[in-house]
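These are the residues of each chain, in order.
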Amino acid sequence: MGNNFFNNHPILGSIFDFNRDGNMNLGEASAMSAFGAMYATEAMQATEEAEREANSFYDDLETDAGEEKKKAKKKSRDDYWDAPWEKELDKIDTYDRDEVFEAIINDELGMYGTEELVYEALDHGVEFDADEIEEIVEHISDKDLKKQLWRSLDDDI
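Treat the numbers as computed from the prediction; the structure is a model and nothing was measured.

Trainee: Could you give an account of helix H7 (residues 110-123), with specific residues and numbers?
Mentor: Taking 1.5 Å of rise per residue, the 14 residues of H7 would be expected to cover 20 Å, and the 20 Å separating its terminal C-alpha atoms lies within 8% of that figure. Within H7 the residues assigned to the buried category are Gly113, Thr114, Glu115, Leu117, Val118, Ala121 and Leu122. Among the residues trailing H7, Gly125 stands out with phi positive, at a value near 90°.

Trainee: Tell me about the pattern of salt bridges, and please be specific about residues and values.
Mentor: The final tally for this structure, using the stated rule, is two salt bridges. Arg52 is the salt-bridge partner of Glu49, the closest N and O atoms lying 3.0 Å from each other. Separated by three residues within a single helix, Glu49 and Arg52 lie in helix H3 (residues 26-60), roughly one turn from each other.

Trainee: Tell me what's going on with the packing of helix H6 (residues 97-105) against helix H8 (residues 130-137), and back it up with residues and numbers.
Mentor: Interaxial distance between H6 and H8 falls to 10 Å at its minimum, and their mutual angle equals 35°. For H6 against H8, the interelement crossing comes out left-handed. For the pair formed by H6 and H8, the contact residues are Arg97, Phe101, Ile104 and Ile105 on the first element and Glu132, Glu135 and Ile136 on the second. Considering only residue class, the contact of H6 with H8 consists of four nonpolar, no polar and three charged.

Parameters and conventions
Each chain carries its own residue numbering, running from 1 in the written order of its sequence. A pLDDT threshold of at least 70 governs which residues receive local features in this predicted model, and a stricter bar of 80 or more applies before side-chain atom pairs are shown or counted, although totals over entire chains, interfaces and linings include all residues. Water and hydrogen atoms play no part in the side-chain values, which are based on all heavy atoms of the structure. Helix numbers and strand numbers start at the N terminus; a helix is a DSSP run of H or I with at least 4 residues, a strand a run of E with at least 2. Expected helix span is computed as 1.5 Å times (number of residues minus one). The buried label goes to any residue with under 20% of its type's maximum accessible area, the exposed label to any with over 50%, and the partly exposed label to all in between, with areas taken from a 1.4 Å probe on protein chains only. Just to be clear on terms, a salt bridge is a Lys or Arg side-chain nitrogen sitting within 4 Å of an Asp or Glu carboxyl oxygen. Whenever a helix is involved, its axis is fitted only over the stretch in contact; in every case the axis is a line through C-alpha atoms, and angles between N-to-C directions fall within 0 to 180 degrees. Less than a right angle of anticlockwise turn of the near helix away from the far helix marks a crossing as left-handed, whereas a clockwise turn marks it as right-handed. Note on contacts: a residue pair is in contact if any heavy atoms of the two residues lie within 4.5 Å. Under this grouping Gly is polar, as are all residues other than the nonpolar Ala, Val, Leu, Ile, Met, Phe, Trp, Tyr, Cys and Pro and the charged Asp, Glu, Lys and Arg.

Below you can see the structure in the form of structure tokens.
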């Protein structure tokens, strides 16, 4: 690995020259690399710990207003995911085939609402004929739901 490496670097030689010959062999080089990696890891962890402690000061200063702001932000995200069609879906009798079909064709609920409506109608035992199914599949994108619709037609035959 290097002739007289440890003779030229006496501090390293005092630690890693295990056989005291002044030359570095593979085992000594491996040991130096391992200790270097451990040192680098410890230094990174200490830096991260110091950053966390420094930032925790600002976290402790959070006020009730900050908490309220977080709650409002969470509520607005939840409202975003609340389906706007749910209220309209509640108005439709999902046991009545004609009412369900009319809501689908008129696109009263949007794609996701339509899919939910069809799932509920199928769960309630509503059966559609082939022409209605052809119309319905144009208003939905859920492949599993489309398959389920066509299977419901096959079950009737």
